[in-house]
Amino acid sequence: LEAGLERYKTPRDKILGVFEVIGEIFEQAGFRGCAFMRASAECKANTAPRAVCDDARAWTLDLFTRLAKEAGIPQPKKLAQRLVILYDGATVAAALDGDPHAAATAKAMAAALIAA
């Protein structure tokens, strides 16, 4: 994801770019959803595998929070929490519904959140 974001210049473009990059991932043959989401459903609390899933989750929130701060968006953590929900929803829709366009829908919603 970070490598894919290198092609975007501004923090705002990178925020929206996250959804473009995951959209590219959704279109790959064999995409089955987020490995961390799938694994966390099978992990017991307070185990090493669950800690890895939690770290991945925190990384996503931190990425959005950092980019929102860099973009000068008020209440960056609040926006980041909302963007994570869009990220999650797009990922689940792509995996369960087979909808690779879910990322584009999430990107449009993210743009509306940023504008608001």
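All values derive from a computational prediction rather than experimental measurement. (Residues numbered from 1 in each chain as written. Predicted model: local features only at pLDDT ≥ 70, side-chain atom pairs only at ≥ 80, totals over all residues. Heavy atoms only, no water.)

A. Looking closely at helix α5 (residues 76–96). In this model α5 runs 30 Å from its N-terminal to its C-terminal C-alpha over 21 residues, within 8% of the 30 Å that 1.5 Å per residue would give. Of all the positions in α5, only P76, L79, A80, L83, V84, L86, Y87, D88, A90, T91, A93 and A94 are classed as buried. Of the residues trailing α5, G98 is marked for its positive phi of about 65°. (Helix = DSSP H or I, 4+ residues; strand = E, 2+ residues; numbered from the N terminus. Expected span 1.5 Å × (residues − 1). Buried < 20%, exposed > 50% of the residue type's maximum accessible area, 1.4 Å probe, protein only.)

B. Examining helix α6 (residues 102–115) more closely. The end-to-end C-alpha distance of α6, which contains 14 residues, comes to 20 Å, matching closely the 20 Å that a straight helix rising 1.5 Å per residue would cover. Considered for burial, the residues of α6 that qualify are A102, A103, A106, A110 and I114. Looking down the long axis of α6, one finds its buried residues gathered within 110° of arc, a one-sided arrangement. Against α2 (11–26) and α5 lie the buried residues of α6. (Arc of directions from axis to C-beta. Contact = heavy atoms within 4.5 Å.)

C. Quick peek at the pattern of salt bridges. One pass over the structure, following the stated rule, counts 5 salt bridges. For the salt bridge of R66 with E70, the shortest nitrogen-to-oxygen distance reads 3.6 Å. On the criterion of helical spacing, the pair formed by R66 and E70 is a turn pair, its members being 4 residues apart in helix α4 (residues 48–70). Each member of the salt-bridge network shares a partner with another, and the members are E2, R66 and E70. (Salt bridge = Lys/Arg side-chain N within 4 Å of Asp/Glu carboxyl O.)

D. Examining the confidence of the model for the chain more closely. Residues at a pLDDT of 70 or more form 100% of the chain, whose mean pLDDT is 90. Per-residue pLDDT, averaged within each element of the chain, yields its smallest value for helix α3 (residues 35–42) (74) and its largest for α6 (96). (pLDDT = per-residue confidence, 0-100.)

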